[in-house]
Amino acid sequence: MMPLHMEYVKPGGLAEAVSLLRQDDACALAGGTDVVVQMREGKLRPRLVVDIKGLAELQGITGQSGGVWVGALVTMAEIVKSPLLQAYRAVVQGAGCMGCCEIRHRATIGGNVGNASPSGDAAVPLLVFHPQVVIHGPGGQRHLPLANFFRGAGKTVLQPGELIKGFLLPPPPAFSLYMRHTRVKGMDLAGVSLAAAIDRQGQVTVSMGAVAPTPTRFPQVEELLSGRPLSWEVIAQAAEVLSAAITPRATSLRATPAYKKEMAKVFLHTALSRALEEGFGQ
Amino acid sequence: MTYQTVGQSVARLDGIEKVTGEAVFVDDISLPGMLHARVLRSQRAHALITGLDVSEAMAQPGVVAVVTGRGLPRRIGACIQDMYPMAVDRVRYVGEPVAVVVAENPHQAHHALASIKVSYQDLAVVTDPWEASRPGAPQIHPDQAVYHRLPGIHPLPGSNIFHRLQVCRGNTADAFREAFLVVENRYWHPSIYHVQLEPHGAIATYHQKGGLTMYASSQAPYVVRHVICELLGLPPGRVRVIVPYVGGGFGGKSDHTIEPLLAWVARHVPGRPVKLVLTREEMACGTVIGRGALVHYRSAVSQDGMLLGVEAEVFLNGGGYGDFAVNIVTAAGISATGPYQVPNIKITAHGVYTNTPPTGACRGYGHPEVHWACERQMDIIAARLGMSPVEIRLKNALGPGKVNAIGQQMESHNGRVDLCIQQVVDALGGPECFLPRTNPCVGSIALEPGGIEADPLPHPTGANASPKAEPSGACAKPAAMPGKVRGKGIAALMKCPIMPTNAQSGAIIKLEEDGGVMVSVGAIEMGQGCHTVLAQIAAEALSLPLERVQVAPQVDTFHSPYEWQTVASHTTWAVGNAIRLAAAQLCDKITRAAAVILQVPAERLEVVGGRVQDRERPERYLTLQQLARGYTDARGTALSAPLIGEGNFVPQGLSHLDPETGQGNIAADWTFACQGAEVEVDTRTGEVTVLRLVSAMDVGKVINPVLAEGQIYGAAVQAMGAAICEGIVFDREGRIRNPSLTDYKVPGVEDMPELQALFVETPEESGPYGARGLGEHGAVCVPPAIANAIQQATGLEFFDLPVTAEKIIRAQQKRGVPA
C-alpha cells in the first residue's frame, strides 16, 4: 500500500531537481521499477517523490573521445538496441536479461546502479568496463570510478541532493561477457552472476553479482589472469581463487553459498573459454 | 456418431469480453457507500492471544469498525468444524486473521492496522507434516476430539492427525516376503501456491432487515452460502452469493477462503457494502496452499516386473486447519497405486495439522502428491530390473477387467491407459528411446528373492527450510563430456473426481422469444472454458446452432440452479449431464405444446434445427420462435406458455469407503493418461531445460478440442513449475520466506517447452456424449515424468521436489562427477 501522504513533483530542470532532492525524505523516481516496488512494500516511505524522467541532461548515448557517454535515464531497452554499446557486450547482455520486456522499457541504468542491489544486472557487467560515474549535486559535478560508488547493499556514496547524471565508459575492451543463474529462464533476479572483460593489452577484469553486499571486482583474480596467455592451468587456478574469495550470505533463497562458489568457477571457466574461442586471451 | 457442435473447436464465448477487458470481475465492482477492509494477520505461527487492543485503530481517520473474533458464535467447516473465520484466543499459522479494519478507503484501512496492539504467548511451532505426526509434537488442536465432524473421518485422538484413511487389499506381508525385489523410498512434494491471476476478493453487504448479499471470486457459491448461513444463523433464502467471472481458481477458490471472514465483518456494519481484495502476498498466507506431502513408498515386485504389493504411508500437510484437506487425504490414499493393478495393498494416508496456512484443493487434489512417489518408483524399479520403463508400466496397467486399489473393477468404457502410454512413447520417438539400461545397476543390490532395499531418503525435516541430502544415484551412468545431456521420461496416471456421493448439479434452459435458449448453471467460468463447452452440449442436445445458445455468465444463488462446486474436473461430466436432462425436458415440453397446435401426436414430433416438426411430414412444423412468443390461433387464443426445461443430476450408485479396508465405490469415473517429458540438463550449472511435454489422455469424447488442449497445456506447465522451480519455503518460526513472485518462481514464457496433447477417446458411459473430466489431470504426473527424464539424462535419482539446478549440482558432487 502506498504512503498516505506523499508529494510528487516533476522538476523542469536539473537545478530544480537537485534542490528538491535536498529536502528530507525526498526520493528520485526514474523508471520506478525499484522505487515503486519498495514503496508498495513499505521499505521506502518518501514524503517527496521527484520524478527525474524529463531531465534532458540525463538522457542519451553518445560517443565521447573513443568511449561512450551513457545518460542515467537510458533504459535497458535502449542499451540493448544501441549501436554504440554493442562493443560493450556484457552490459548489453545484462540489460537484455533484466526483468521482462515491459520492465526493460522502464528500468534505467542510473536506477539500476543507484539502487545498489548486490545482483544488479546492469551494474555487475558495467563494472568490468571501468566507467566513471558522473554525479550531479548541490556542489556541482563530480566523477568517481563505479567500483568506488557502492557502499553496501542498497547504499551508495550519493549525498542528499545528488543524483547520477550518467556514466563515462572508456574505449571498449576486446572481449566481454555476462552470465547469470536464475531459477526460471525469464523474469528473475540473478542468483549469482559474473562479468569478465579482456582488453587489447590482455588485462582481464572480473566482477560478480550476488556474492557480496555490492557488485564486486576481484583484483586478485584479475592479476592472476592479466598480461599472460590464458592456459587451462591458469584458468583453473583463477577459478579456485575466485571461488575461495567469495563469501556469500547463507540466507539467500536464490542460491546457496555452495552453489555460488561452484558457479563462480563454472562461470569464469565458461567466460574465459569463450574468450579463447573468440581468439582473445592468447 | 456424428455431431453438429460437439467435437468442434469453437471459439470461447467469453473470449472477446476478456481480451478487451470488458469482462467484470469482483474488483471491478463498486457499490454505493462501499467500505474497504484490510486484515491484520498473525505474525506468529503458533501462539495464544493474550491481549488485543483495537481502541487506537478505531480512532484513526476514516475507520468505521475494527472487527475481531470476539463473539464469533461457532466454528465452521464442511467436513470438520475446526476453524473460526478469524482467530479466537489462539493463532495457528502466520497470516491467520486477527483483526479487520473497515474504513472509508483502502488506504485508511491499511494504515490503521499499525495501531492495533496484539500480544501473544508463543507456543512451539511445527511446519512439517511428518514431524507433526510424531508423538511429542506440539499439539495444534488440543481439543480436536470435541469438534463436530462428518462420519467417515477418523482422527487420532491426542495427536495432530485429523484424518486417517486406510486402504487394504490382500496380504502385503506375504507379497513382500515372496518378492524378487523390494524398493523403498521417501518422496517429498512441497507446498505450492495456485498463483491465480485474479486475487481472492469479495464484497459483502449485511442487510439491515437481516440477510447478506455477497459478490465473491469463488468456485463454490453454494458452499459459501451454506457456511455463511451456519455462521450467522441465516436461512439460505436470506443469503445471496453472486459470482461474476473468476480469474483462475485451480482449487484455491473452492470450498471457502475469505468469504466467512468478510461475512462476519459485514455483520458489524449493517447496510454498507464492504470490499476485501487480497494482495498477492496475502494470497500466500491468507487463503489456502496446495500439496505438502511426504510419501513413504514400498513396492514388492516379481522378477518379471509385476507389482506384487505396495505399502505406502502418506503424511499430508493440513496446515492450521484440516477441514479443506480431509478429502485430499482420501484422494491420496485411494490413488497411491497409480494406474496399476496391485493385488496386495496397505496404504495409510494421514492428514496432519501443522502451523502453515491451511492446505486446500489444488489442481490434482491428492493425486500429484502420490503420483510423484508412485511414478518415480516405477522408473527406479525398472532400472533395478533392467527393464524398460514403458514395459513395466504396460505390464501392470489397469484396464478392462482389472481391479483398482479400492476394489472397483474397470469396464471397457473406463478408458485405456495402455493406449495413452503408447501414444506418448511414440510421440517421444518410440520405444527405442526407453530401452532398458544396458548396464543395470547391480553393484549395490543383490538380485535375489528376499527383500532388497534402495537407500530410503533421509526424512526431510522442517519442510523446505533446510537443504536436504539427496541419496546418491545408485544407478549412475558414467558422466559424458561436461556439457549438456538430454533424457526422456514418462509417467502414467489415473484420477477420479473426489466428491460427496450426493454431489448435485442442476441446469435450467429457458426458451427465449427468438427461439434461442438461455442456459443457467451453477458452474463457474473461471477461465477453463466450461461455459463454452456447456453451450456446445446444450446446442447439440437441442439441435440448435451454437449462436442461439447463451450461458448466463454470472452465477447467483438466488436464480442459478444448485451446483455442489466447480471442482473435481467434473463440470463437463456432471453439469453436461444436467444440461442434457434439461434439454430433453425442454424438447418434451416443446413437442407436447406443438402437438396441440399442429394436431400431431407428440411422439411423432422432433426438435431439429430451431423447429419442431412432424417426422413423417417435415413440412408440418413450427419454429421455436413461434412457440416461444406465445402461439396464438386465428382467433387470438394462446396455445402455448413459456417453456423452461430443467435437469438435475447426481452421480449414480456411489457409496462411502469401508472404514477398515478403504474399499468401496467412491469414484464415479476415471480418467487415465500418460505424460512424457524431454529435458536437457546442463551438467556444469545443473540448469534443466524442459524441451517437450507430451500428454495423452483418455478423456472420452472431446467436446471442444482446442479448449481441451488448452486445459492440458495449462495444467502441464503449472505442474512443470512444481517439478523444477516452485515450492513454499517456511522458516523455523513458520513464516513464509517467499510470499511474492519475487522469490516464488513460476515458469514464464521463456521456460515454455514444446507442448503436445493427444486424445484417446474411449466413450464414457456415464458422461454426456461420452465425455470425461480433464481439467486437473494434466497436472498430475508431469513432475515424475520430468524427474524420470532427468534420471535418464544424468543417472541421478531425485525424491524431493522441486528438482533445481542446485540439487543436480549437489547430487553430482556427491556422486563425484567433476562439473
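These figures come from a predicted structure and were not determined experimentally.

> Teacher, can you tell me more about the overall build of chain A here?
Of regular secondary structure, chain A possesses 10 helices and 14 strands. By its C-alpha atoms, chain A is 60 × 45 × 30 Å across when sized along the principal axes. A burial count over chain A gives 53% of its 282 residues as buried. Of the roughly 11,700 Å² that chain A leaves accessible, carbon and sulfur atoms contribute 54%. Mean positive and mean negative side-chain charge positions of chain A (27 and 21 charges, respectively) differ by 3 Å.

> In this structure, what is going on with the overall build of chain B? I would like to understand it.
Secondary structure assignment for chain B yields 18 helices and 27 strands. In terms of C-alpha radius of gyration, chain B reaches 28 Å, essentially the compact-globule figure of 28 Å for 819 residues. Once the C-alpha set of chain B is aligned to its principal axes, its extents read approximately 95 × 75 × 50 Å. A buried classification covers 64% of the 819 residues belonging to chain B. When the accessible surface of chain B is split by element, carbon and sulfur atoms take 52% of a total near 28,000 Å².

> Got a minute to help me understand the interface of chain A and chain B in this structure?
Note: interface size is frequently given as the accessible area lost on complex formation between the parts. Each side of the interface is counted separately: chain A has 25 residues, and chain B has 29 residues. Together chain A and chain B conceal approximately 2,400 Å² of surface at their shared face, both sides included; 56% is due to carbon and sulfur atoms. Viewed at the interface, chain B and chain A are joined by 4 salt bridges. Residue E281 of chain B pairs with R40 of chain A through a salt bridge whose shortest N-O separation is 2.9 Å. The interface formed by chain A and chain B includes 13 residue pairs in polar contact (both at pLDDT 80 or more). Secondary structure elements with two or more residues in the side of chain A that touches chain B: β11 (175-181) and α10 (257-277) of chain A. For the side of chain A that touches chain B, the leading source of residues is α10 of chain A, giving 5 residues. Considered class by class, the residues forming the side of chain A that touches chain B number 13 nonpolar, 5 polar and 7 charged.

> Quick question: what am I supposed to make of the packing of aromatic side chains here?
Two aromatic rings, taken as a pair, are described by how far apart their centres are and by the angle between their planes. Residues and elements named next belong to chain B. Using the criterion set out here, one finds 12 aromatic pairs over all chains in the structure. Seen from their ring centres, Y93 and Y321 are 6.2 Å apart, and the 80 degrees between their planes marks the pair as edge-to-face. With Y93 in the loop between β4 (90-91) and β5 (97-103) and Y321 in the loop between β14 (307-319) and α9 (326-334), the pair connects residues that are 228 residues apart, well separated along the chain. By relative accessible area, Y93 is classed as buried at 6%.

> Hey, could you run me through the sheet that holds strand β7 (residues 161-169) of chain B in this one?
Note: strands within a sheet are paired through backbone hydrogen bonds, in either parallel or antiparallel orientation. Residues and elements named next belong to chain B. Taken in spatial order, the 5 strands of this open sheet run β7-β15-β14-β13-β8, and their pairing is mixed. Of all the strands in the sheet, the pair left with one neighbour each is β7 and β8 (181-192). On average, adjacent strands in this sheet sit at an angle of 10 degrees to one another, irrespective of strand direction. Taken together, the 9 bridges between strand β13 (residues 290-301) and β14 define a ladder with antiparallel strand orientation. Bridge pairing in β14 places Y297 opposite A312. Docked against the sheet, α9 engages β7, β14 and β15 (344-353), running at close to 20 degrees with respect to β7. Relative to β8, helix α10 (residues 367-385) is tilted by about 145 degrees, and along the sheet it contacts β8, β13 and β14.

> Looking at this structure, how should I read the pairing of strand β9 (residues 201-206) of chain B?
Put simply, side chains in a regular strand alternate between the two faces of the sheet. All names here are of chain B. Taken across its 6 residues, β9 has 6 buried, putting it largely inside the fold. By the alternation rule, side chains of β9 split into G201, I203 and T205 and A202, A204 and Y206, which are all buried. The sheet contact formed by β9 and strand β12 (residues 274-277) spans 4 bridges and is antiparallel. Looking at the pairing, A204 lines up with V274 of β12. Inspection of the sheet shows β9 paired to strand β10 (residues 212-216) by 5 bridges, in the antiparallel sense. When the bridges of β10 are listed, T205 appears paired with T213. Linking two consecutive strands that pair antiparallel, namely β9 and β10, is a turn of 5 residues; a positive phi of about 95 degrees is found at G210 within it.

> When you look at the pattern of salt bridges in this model, what are you seeing that I'm missing?
Pairing between side chains of opposite charge can happen when the charged atoms of each approach one another. All chains considered together, the criterion is met by 51 salt bridges over all chains. A salt bridge links R298 of chain B to E311 of chain B, with the shortest nitrogen-to-oxygen separation between them at 3.0 Å. Linking R298 of chain B in strand β13 with E311 of chain B in strand β14, this pair joins segments that are 13 residues apart in sequence. Classification of E311 of chain B by relative accessible area gives partly exposed; the value is 21%. It is possible to trace a salt-bridge network through shared partners that takes in R183, D188 and R254 of chain A together with D743 and K745 of chain B.

> I keep staring at the packing of α10 of chain B against helix α11 (residues 389-396) of chain B and nothing clicks. Help me out?
Residue and element names in this part refer to chain B. Two elements in contact, α10 and α11, have axes whose closest approach is 8 Å; the angle formed by their N-to-C orientations is 115 degrees. Where α10 crosses over α11, the handedness of that crossing is right-handed. Contacts from E375, M378, D379, I381 and A382 in α10 reach P389, I392, R393 and N396 in α11.

> Before we go on, may I ask you to explain the domain arrangement of chain B in this structure?
Residues and elements named next belong to chain B. Under the domain assignment, chain B is made up of domain 1 (15-21 + 503-649), domain 2 (31-123 + 200-277) and domain 3 (290-498 + 657-815). Distance from the C-alpha centre of domain 2 to the C-alpha centre of domain 3: 37 Å. Contact with domain 2, which involves 20 residues of that partner, is made by 20 residues of domain 3. Carbon and sulfur atoms supply 57% of the area buried between domain 2 and domain 3, which totals about 1,600 Å² over both sides. One can count 11 residue pairs in polar contact (both at pLDDT 80 or more) joining domain 2 with domain 3. Considering only residue class, the side of domain 2 that touches domain 3 consists of 8 nonpolar, 7 polar and 5 charged.

> Honestly, the pairing of strand β27 (residues 754-760) of chain B in this entry has me stumped. Any pointers?
As paired strands, strand β26 (residues 688-698) of chain B and β27 of chain B are joined by 7 bridges and run parallel to one another. Residue pairing in the sheet places R692 of chain B in a bridge with E754 of chain B of β27 of chain B.

> It is not clear to me how the environment of N327 of chain B should be interpreted in this structure. Could you clarify?
In this fold, N327 of chain B is placed in helix α9. Ignoring anything within four residues of it in the chain, the contact list for N327 of chain B reads C79, Y365 and I498 of chain B.

> Got a minute to help me understand the domain arrangement of chain A in this structure?
Residues and elements named next belong to chain A. Each assigned domain of chain A is listed here: domain 1 (7-51), domain 2 (57-169) and domain 3 (177-277). Taking the mean C-alpha position of each, domain 1 and domain 2 sit 18 Å from one another. If you look at the interface, domain 1 gives 10 residues, while domain 2 gives 16 residues. For the pair domain 1 and domain 2, the summed buried surface comes to about 1,100 Å²; carbon and sulfur atoms form 67% of the total. A per-residue breakdown of the area domain 1 buries against domain 2 is headed by L14, V18 and T33, which together make up 46% of the total. In this assembly, domain 1 and domain 2 are joined by 0 salt bridges. Scanning the region where domain 1 abuts domain 2 turns up 4 residue pairs in polar contact (both at pLDDT 80 or more). It is helix α1 (residues 14-21) that provides the largest number of residues to the side of domain 1 that touches domain 2, a total of 4 residues.

> Can you help me understand the nonpolar core in this one?
One broad rule of soluble globular proteins: the nonpolar side chains tend to lie buried together. All names here are of chain B. Membership of the largest hydrophobic core comes to 126 residues, with the highest contact counts inside it found for I334, I490, I786 and I790. Counting residues per element, this core draws most heavily on α10, which supplies 9 residues. Excluding residues that lie within four positions of it along the chain, I334 makes contacts with L165, V167, A405, I406, C496, I498, L657 and I666. One finds A538, A582, L605 and F649 within the second-largest nonpolar core, a separate group that totals 57 residues.

> What is the right way to read the sheet that holds β11 of chain A from this model?
Residue and element names in this part refer to chain A. Reading across from one edge, β11-β12-β13-β14 is the order of the 4 strands in this open sheet, with antiparallel pairing throughout. Two strands bound the open sheet, and with one partner strand each, they are β11 and β14 (216-217). In terms of strand pairing, strand β12 (residues 192-198) meets strand β13 (residues 204-209) through 6 bridges, oriented antiparallel. Bridge pairing in β13 places I198 opposite V204.

Scoring rules and cut-offs
Residues numbered from 1 in each chain as written. Chains lettered and ligands numbered in written order. Predicted model: local features only at pLDDT ≥ 70, side-chain atom pairs only at ≥ 80, totals over all residues. Heavy atoms only, no water. Helix = DSSP H or I, 4+ residues; strand = E, 2+ residues; numbered from the N terminus. Buried < 20%, exposed > 50% of the residue type's maximum accessible area, 1.4 Å probe, protein only. Areas by Shrake-Rupley, 256 points an atom, 1.4 Å probe, with all protein chains shown as cover. Lys, Arg positive; Asp, Glu negative; His and termini not counted. Charge placed at Lys NZ, Arg CZ, Asp CG, Glu CD. Rg over C-alpha atoms; globule rule 2.2 N^0.38 Å. Contact = heavy atoms within 4.5 Å. Buried area = accessible area lost by both parts, 1.4 Å probe. Salt bridge = Lys/Arg side-chain N within 4 Å of Asp/Glu carboxyl O. Polar contact = N/O pair within 3.5 Å; in protein donor to acceptor, adjacent residues only side chain to side chain. Nonpolar A, V, L, I, M, F, W, Y, C, P; charged D, E, K, R; others polar. Phe/Tyr/Trp six-rings, centres within 6.5 Å; stacked < 30°, edge-to-face > 60°. Pairing = 2+ DSSP bridges. Axes fitted to C-alpha atoms, helices over the stretch in contact; angles between N-to-C directions. Left-handed = near helix turned anticlockwise from the far one by under 90°. Domains from an automatic or database assignment. Core = buried A, V, L, I, M, F, W, Y, C linked by side-chain atoms within 4.5 Å.

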